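Coordinate inspection notes
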Amino acid sequence: MDLRNFTANSVSALQKAQATAQEYGNQEIKQVHLLYALIVAENGLIPLLFEKTGKNLSLMKSDLERAISALPKVRGGEGYLSSALTEARTEAQKRAEGMGDSFV
């Protein structure tokens, strides 16, 4: 995956998603890993939105950890993006390109 056109925050979130998948023994990096990465990001937008709307971030984090724990586990092997996450990333790139270079 070419990360040159991603913002620093996007790259950080994808790297955290990959690290989370590895930590839990998941070879396939899914949207749930990315969402988890976004909600645990220090000074991130998602935690701020939860705070501003009065939503329970700790409960969401626990639910995501439980969901990630239930995913199939493997030993060794290279991690890869799920087809759903790949499609979401591709769609995001298309939309960002439509907004101009400053939003990619």
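Basis of the calculations
- Residues numbered from 1 in each chain as written.
- Predicted model: local features only at pLDDT ≥ 70, side-chain atom pairs only at ≥ 80, totals over all residues.
- Heavy atoms only, no water.
- Core = buried A, V, L, I, M, F, W, Y, C linked by side-chain atoms within 4.5 Å.
- Buried < 20%, exposed > 50% of the residue type's maximum accessible area, 1.4 Å probe, protein only.
- Helix = DSSP H or I, 4+ residues; strand = E, 2+ residues; numbered from the N terminus.
- Contact = heavy atoms within 4.5 Å.
- 1 Å grid on protein atoms, 1.4 Å probe; cavity = no way out; pocket = protein on both sides within 12 Å on 5 of 7 lines; lining within 4 Å.
- Points joined across faces, edges and corners; volume = space filled by probe spheres on them.
- Nonpolar A, V, L, I, M, F, W, Y, C, P; charged D, E, K, R; others polar.

**What to know about the nonpolar core**
The biggest cluster of nonpolar side chains holds 11 residues, and these are Phe6, Val11, Ala13, Leu14, Ala17, Ala21, Ile29, Leu34, Ala37, Leu81 and Leu85. Listing elements by their share of this core, those giving two or more residues are helix H1 (8–23) and helix H2 (31–39). Sort the elements by how many residues they give to this core and H1 lands first, with 5 residues. Setting aside chain neighbours within four positions, we find Ala37 in contact with Ala13, Lys16 and Ala17. In this structure, Tyr24, Val32, Leu64 and Leu71 belong to the second largest nonpolar core, which totals 7 residues.

**Observations regarding H2**
Buried within H2 we find Val32, His33, Leu34, Tyr36, Ala37 and Ile39. Looking at the buried residues of H2, the elements they touch are H1, strand S1 (28–29), helix H3 (45–53), helix H4 (57–69) and helix H5 (83–99).

**A closer look at the side chain of Ser82**
Tracing the chain through its elements places Ser82 in the loop between strand S2 (80–81) and H5. Residue contacts for Ser82: discarding those within four places in its chain leaves Glu28, Ile29, Lys30 and Gln31.

**Here we look at the layout of surface pockets**
One way to see where empty space is left: roll a probe the size of a water molecule over the atoms. Taken as a whole, the second largest pocket encloses approximately 300 Å³ of empty space. Considering the residues around the second largest pocket, the lining is formed by 15 residues, among which Asn9, Leu38, Ala41, Gly44 and Leu45 are closest to the centre. Secondary-structure elements contributing two or more residues to the lining of the second largest pocket are H1, H2 and H3. The element contributing the most residues to the lining of the second largest pocket is H1, with 5 residues. Among the residues forming the lining of the second largest pocket, the class breakdown is 8 nonpolar, 5 polar and 2 charged.

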